[in-house]
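Here is what each chain is made of, one letter per residue.
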Amino acid sequence: MRKDVLIYFTGKIIPALVNLAIIILAVRLLGKAEYGKYSLIFYSTMLIATLSFGWIQQSIIRFLSAYPGEQVLVINRFFFLTIAGTLFAVIVSLLVCIFYFHLRWMETMVIMVYIAMYNLFMFHLTLNQTKKKSIRYAIQEGSYNIFFIGLFFLLTIVFNQRSFIVLFIAMTSGLIITDLLRINVLPEGKVVLDPSRIYFNSGFTKKVFNFGFPITIWLFLSYLMNISDRFIINSFTSYENVGTYAAIKDFIIKISTFSTIPILLAYHPAIVEKWNQNRKKEAMKMIREGLLFCLLIACAVLVFFIFFQDIFYNRILHLQVTRKFLVSVTLICSSFLWQAAMLIHKPLELLLKPRLMLIAILVSLAVNALANIIFVPIYGYPASAVISLISVITYIIVIFAFLFRFNKQGLLN
């Protein structure tokens, strides 16, 4: 376990540095308004990807280890579902780009290709995670991020492009090159795809859909909770304010994700495996271990960021931030608590109770949306930072209420 955590942590260094650098460079080279526009469109594509592939991803993690002698067959069935979900995602992205964001056809085409390649990329990454191929996972993710930032530099510095679409062009090209690398260079990088086995199976599809889709709705709503404040800020102010708030929030989220995702990636399949073997006490112990690691990391990051926030805001991002201490503390706490929530609600997921997770996220989303609509017009984006923390705490409280009931029934041991 510790070896996998270390490999994932090392492998996440490149993606973390690239993502942090992209935020800084995009704000400084493209401007706050273009970064704000990119942020809204990017997270819209993530919503679509979550809806189209999230249930497949969760089902791969949950069920692949349950078919030890039929993994090739199961992988082919999951690949068929991925292709079907990706076609759905491409159609939805076309409609959103044209009718909501009013993008040009060329920009729309780039985003459609991006979301298709992203789903395929995540399919292969999820297989590596589930099969505990942590080194291959790290190589593929790291390669993509290197190609991404290299192409971004080429487009902005060499060709002097200053539109939000250069980020999508760089990401799309990076995904294509990485997939070619996976097929032609990486050892054992090819997934065994048998055309005779890539077909629709109603029984299998129903099983994974019934499990995965409620979780997908949860993922969709959780994404919506984390990004809806940007759309509300844009409705009452401008792309520039969205860009300022998004840059701060994205930077903090990247830090929290980078520092905790190795723990989640390593512990998630191991917890599922223990649970599938009916070793529930060991699974719950692993959840508590993961939460302790997340807490220690959160405390260290909070202290470090508070001391250096002036350098970050003024010298690196060149942003004037309203109530920066309040914004920093609340966003850091909400980001790390949200990462911890991925482990806190794990027992509900393993008990096949995703509908209870849906109830919790709906309550949190309602609190988030209503509070933002009321307070953002009065206090601006600092209100969104505070509301973000309140929403996450609301989610955790509701989850604990459900867990307390199941623990009394003896279902967690």
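Below: a short report on this structure. Predicted model, so just to flag it, every value in this text is computed and none were measured.

So, on to the overall build of the chain. Per the secondary structure count, the chain includes 14 helices and zero strands. Along the chain, helices (α) and strands (β) appear in the sequence α-α-α-α-α-α-α-α-α-α-α-α-α-α when read from the amino end. Taken over the C-alpha trace, the chain has a radius of gyration of 21 Å; the compact-globule value for 413 residues is 22 Å, and the two agree within 12%. Considering only C-alpha atoms, the chain reaches an extent of 55 × 50 × 40 Å along its principal axes. Across the 413 residues of the chain, 56% fall into the buried class. A separation threshold of at least 6 residues defines the contact pool for the chain, and within that pool the share at least 24 residues apart is 81%. Taken as a whole, the chain presents about 18100 Å² of accessible surface, with 68% of it coming from carbon and sulfur. Side chains of the chain carry 36 positive and 16 negative charges; the gap between the two charge centres is 6 Å.

Core analysis: the largest hydrophobic core is formed by 136 residues, its most contacted members being F78, F168, W218, W338 and Y395. Leave out the neighbours within four places in its chain, and F78 touches I56, S59, I60, F123, F204 and V208.

End to end, helix α13 (residues 354-379) covers 35 Å across 26 residues, agreeing with the expected 38 Å (1.5 Å per residue, within 8%). Where α13 is concerned, the buried positions are P354, L356, M357, L358, A360, I361, S364, L365, N368, A371, N372 and V376. Those residues of α13 hidden inside the fold are in contact with α8 (202-236), α11 (324-344), α12 (346-350) and α14 (381-408). Immediately beyond the C-terminal end of α13, within one or two residues, lies G380, with a positive phi of roughly 80°.

Before going further, it helps to spend a moment on the pattern of salt bridges. In the structure shown here, the tally under the stated rule is nine salt bridges. Residue K274 is joined to E282 by a salt bridge in which the shortest nitrogen-to-oxygen separation is 3.4 Å. For K274, a relative accessible area of 21% translates into the label partly exposed. On the basis of relative accessibility, which here comes to 34%, the residue E282 falls in the partly exposed class. Across the pair R279 and E282 runs a salt bridge, and its minimum N-O distance is 2.9 Å. Take R279: its relative accessible area is 32%, and that puts it in the partly exposed class.

What follows concerns the environment of Y35. Examined against the element boundaries, Y35 turns out to sit in helix α3 (residues 32-63). A sequence separation of 132 residues divides Y35 from L167, and the C-alpha atoms of the two residues are 9.5 Å apart. Among the polar contacts made by the side chain of Y35, one reaches the side chain of D250 at a distance of 2.6 Å.

Note: most peptide bonds trans; most residues except glycine with negative phi. Unlike most non-glycine residues, N160 shows phi in positive territory, near 55°. For N160, the location among the structural elements is in the loop between α6 (134-158) and α7 (165-184). Of note, the phi angle at H318 is positive, near 60°, even though the residue is not glycine. Its place among the elements puts H318 in the loop between α10 (280-316) and α11.

Attention now goes to the environment of S334. Its place among the elements puts S334 in helix α11. A sequence separation of 58 residues divides S334 from V392, and the C-alpha atoms of the two residues are 6.2 Å apart. A distance of 3.3 Å separates the side chain of S334 from the side chain of S388, its partner in a polar contact.

Turning next to the packing of aromatic side chains. How two aromatic rings sit relative to each other is given by the distance of their centres and the angle of their planes. Scanning the entire structure with this criterion turns up 26 aromatic pairs. Consider the rings of Y245 and Y381, whose centres lie 6.1 Å apart with planes at 45°: the pair is tilted. Linking Y245 in helix α9 (residues 239-276) with Y381 in helix α14, this pair joins segments that are 136 residues apart in sequence. Per residue, the accessibility class of Y245 equals that of Y381, and both read buried. Seen from their ring centres, F312 and Y313 are 5.0 Å apart, and the 50° between their planes marks the pair as tilted. Across the pair, exposure class does not vary: F312 and Y313 are buried alike.

This part is about the packing of helix α5 (residues 105-130) against α6. Close contact between α5 and α6 brings their axes to 8 Å; oriented N to C, the two are set at 155°. When the axes of α5 and α6 are compared, the pair comes out roughly antiparallel. Two secondary-structure elements touch here, α5 through F121, H124, L125, N128 and Q129 and α6 through R136, Y137, Q140, E141 and Y144. Here the contact of α5 with α6 is composed, by residue class, of four nonpolar, four polar and two charged.

Counting across every chain of the model gives two cavities of 30 Å³ or more. Taken as a whole, the second largest cavity holds about 50 Å³ of empty space. Looking at the second largest cavity, the residues that line it are M117, L120, F121, H124, Q140, L175, T178, D179 and R182. Among the secondary structure elements, those contributing two or more residues to the lining of the second largest cavity are α5 and α7. Residues of the lining of the second largest cavity, tallied by class, amount to four nonpolar, three polar and two charged.

Rules and cut-offs
- Each chain carries its own residue numbering, running from 1 in the written order of its sequence.
- Per-residue local features of the predicted model are confined to residues with pLDDT of at least 70, and side-chain atom pairs are confined, for both listing and counting, to 80 or more; whole-chain, interface and lining totals are unaffected and use all residues.
- Water and hydrogen atoms play no part in the side-chain values, which are based on all heavy atoms of the structure.
- Here a strand is any run of E in DSSP of at least two residues, a helix any run of H or I of at least four, and the numbering for each starts at the N terminus.
- C-alpha atoms define the radius of gyration in this analysis, and the globule rule sets the expected value at 2.2 Å times the number of residues to the power 0.38.
- Remark: exposure states derive from per-residue accessible area (1.4 Å probe, protein chains only) relative to the maximum for the residue type, with buried under 20%, exposed over 50%, and partly exposed in between.
- Residue contacts are counted whenever heavy atoms from the two residues lie within 4.5 Å of one another.
- In short, Shrake-Rupley with a 1.4 Å probe defines the accessible areas, and a residue's cover is counted only from the protein chains shown.
- The sign given to each residue is positive for Lys and Arg and negative for Asp and Glu; His and the chain ends receive no count.
- By convention, the charge on Lys lies at NZ, on Arg at CZ, on Asp at CG and on Glu at CD.
- As used here, the term nonpolar core means buried Ala, Val, Leu, Ile, Met, Phe, Trp, Tyr and Cys residues forming a set that is joined through side-chain atoms within 4.5 Å.
- A helix's residues, less one, multiplied by 1.5 Å, set its expected span.
- By salt bridge we mean one thing: a side-chain nitrogen of Lys or Arg within 4 Å of a carboxyl oxygen of Asp or Glu.
- As used in this structure description, the phrase polar contact means that two N or O atoms lie within 3.5 Å; if the pair is within protein, one of them must be able to donate a hydrogen and the other to accept it, and residues adjacent in sequence are counted only when both atoms belong to side chains.
- Classification of ring pairs rests on two measures: the distance between centres of Phe, Tyr or Trp rings, Trp counted by its six-membered ring, which must be within 6.5 Å, and the angle between planes, read as stacked under 30 degrees, edge-to-face over 60 and tilted in between.
- Fitted lines through C-alpha atoms give the axes, limited to the stretch in contact for helices. The angle between two N-to-C directions lies from 0 to 180 degrees.
- Under this scheme an angle from 65 to 115 degrees is roughly perpendicular, one under 35 degrees roughly parallel, and one over 145 degrees roughly antiparallel; angles in between are oblique.
- Ten residue types, Ala, Val, Leu, Ile, Met, Phe, Trp, Tyr, Cys and Pro, are classed as nonpolar, four, Asp, Glu, Lys and Arg, as charged, and the remainder, Gly among them, as polar.
- A cavity here means a set of points on a 1 Å grid, drawn over the protein atoms and nothing else, where a 1.4 Å probe fits but cannot get out; a pocket is an open set with protein on both sides within 12 Å along at least five of seven lines, and a residue lines either one if it has an atom within 4 Å of a point.
- Grid points are joined across faces, edges and corners, and a volume is the space filled by probe spheres set on the points.

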